Amino acid sequence: MLENGSKNISVLGSTGSIGRQTLEVCEKLGIRVSALAARSSVKLLEAQARRFSPSLVSVFDEKAAADLRVRLADTDIRVASGEGGLTEAAVLPEADTAVTAVVGTVGLKPTLAAIKAKKRIALANKETLVCAGSLVMAEARANGAEILPVDSEHSAIFQCIGAARRHVKRILLTASGGPFFGKSREELRSVTPEMALKHPNWSMGPKVTVDSATMMNKGLEIIEAMHLFSVPPEAIRVLVHRQSIVHSMVEFADNAVIAQLAPPDMRLPIQYALTYPERAESLCPEADFSSMPPLTFADPDLESFPCLRLAMETAKRPGTACAVMNAANEAAVGLFLRGRIGFYGIYESVAGALDRIENTASPTPEDILAADAAAREYVSRA
Ligand code: MG
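Q: Hey, could you run me through the coordination of the magnesium ion in this one?
A: Under perfect tetrahedral coordination by four donors, a metal shows angles of 109.5 degrees; under perfect octahedral coordination by six donors, it shows angles of 90 or 180 degrees. Looking at the magnesium ion, one finds its protein donor set to be Asp-151 (OD), Glu-153 (OE) and Glu-221 (OE), positioned 2.1 to 2.2 Å from the metal centre. Sequence spacing of the donor residues for the magnesium ion, all on one chain, is D-x1-E-x67-E. A residue pair is termed long-range when its members are at least 10 positions apart, and Asp-151 in the loop between β7 (147-149) and α7 (152-161) and Glu-221 in helix α11 (residues 216-229) qualify at 70 residues. For the pair formed by Asp-151 and Glu-221, the shared burial category is buried.

Right under this line is the structure:
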């Protein structure tokens, strides 16, 4: 075990893609897992609980929690439920770190609670910073809680910045371009959820995979980076890099550029958030430079991917606009996956919500959740 890294963690969203890989990393590094939380995947949660013997398991769905209590009756693992259970997992006293890998706005409250409990946050829930970045970063500073990014790009930026944060000129945020790179607006009009769910480089949950297809994911990541690294949106440039080997770069005052490279494998950024400031052997394979494809970089196509343009504009608006955009997008992606709207229906829903819903400056957490609810309501009615 590393002296300065995480020793005991809570995993919020343990049954999703990031959560499962976090547990692999913990097994490899000998990190204790004290709490597991998920929405409803009882079977997998039971298997994880038997393997890691946490003291607390939380299931968001009440019915699923009742089922899990029966399944784990022969153990002394406590089963909690609902929003309260998720927060309990986030602030569990014995854990020094909370890995926040739940998807969506549901991550906001437990993340704030973990910050107030002075936990190290390994942040994999980008929606938290997108909808409440200023507030969350202010709380983190006030409580001395470290927020370490798990998103591969932000982990890369964090690793590149090192001790030279004052001298950052620009962040070069790389994007794979998703499954629809190079396609025209005309070609994209009729794409199906099945086509959107086939990502060339990364295997991720359905929501983030669709976000990657619309490139809204890169827009959310611009906002995430703004807050994590205190840079204005103008100082973040998106570069399409199809190979997903350069995970992002930082340009400094003297025009030197530092990049972080590795094969696309989320276990590396997850592990770095847990071992920081140290490093350890990992499950990520080595980069093989002589057999690597040529590394290419290009500007994104904002005509075919208007969600990215919309997010770039929204990033410049303080207040609740980013929360509205995030929630409208989450709701619209749900409709797209259920075949209720087309691919560009996602953009139209989000743009409509931003037009219709008023922006509140300097919002409280309640204002943010109200904006979130109003955006979902707008999208479900439109
Ligand atoms: Mg990412």
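Q: I tried to follow the side chain of Ser-17 on my own but got confused; where do I start?
A: Position of Ser-17 relative to the elements: it lies in helix α1 (residues 17-29). Setting aside its immediate chain neighbours within four residues, Ser-17 contacts Ser-203, Met-204 and Gly-205.

Q: Looking at this structure, how should I read helix α5 (residues 108-116)?
A: Given 3.6 residues per helical turn, the α-helix brings residues three or four places apart onto the same face. Counting buried positions along α5 yields seven of nine residues, so the element is predominantly enclosed. Within the span of α5, buried status applies to Leu-108, Pro-110, Thr-111, Leu-112, Ala-113, Ala-114 and Ile-115. Phi turns positive one or two residues past the end of α5, at Lys-118, with a value near 60°.

Q: How should the packing of aromatic side chains be read in this particular structure?
A: Going through the model one piece at a time under the given rule, you end up with six aromatic pairs. With a centroid separation of 5.3 Å and 85° between ring planes, the pair formed by Phe-180 and Phe-343 is classed as edge-to-face. Taken together, the residues Phe-180 in the loop between β8 (168-175) and α8 (185-188) and Phe-343 in helix α15 (residues 343-356) connect sequence positions 163 residues apart. Between Phe-343 and Tyr-344 the ring centres are 5.4 Å apart and the planes differ by 70°, which places this aromatic pair in the edge-to-face class. A relative accessible area of 6% means that Tyr-344 is categorised as buried. Among the aromatic residues, those joined into a ring-pair cluster are Phe-180, Phe-336, Phe-343 and Tyr-344. Lying across the ring of Tyr-344, Arg-185 places its NZ or CZ 4.8 Å from the centre.

About the thresholds
Residues numbered from 1 in each chain as written. Predicted model: local features only at pLDDT ≥ 70, side-chain atom pairs only at ≥ 80, totals over all residues. Heavy atoms only, no water. Donors = N, O, S within 2.8 Å, 3.2 Å for Na, K, Ca; no water. Helix = DSSP H or I, 4+ residues; strand = E, 2+ residues; numbered from the N terminus. Buried < 20%, exposed > 50% of the residue type's maximum accessible area, 1.4 Å probe, protein only. Contact = heavy atoms within 4.5 Å. Phe/Tyr/Trp six-rings, centres within 6.5 Å; stacked < 30°, edge-to-face > 60°. Lys NZ or Arg CZ within 6 Å of the ring centre and 35° of its normal.

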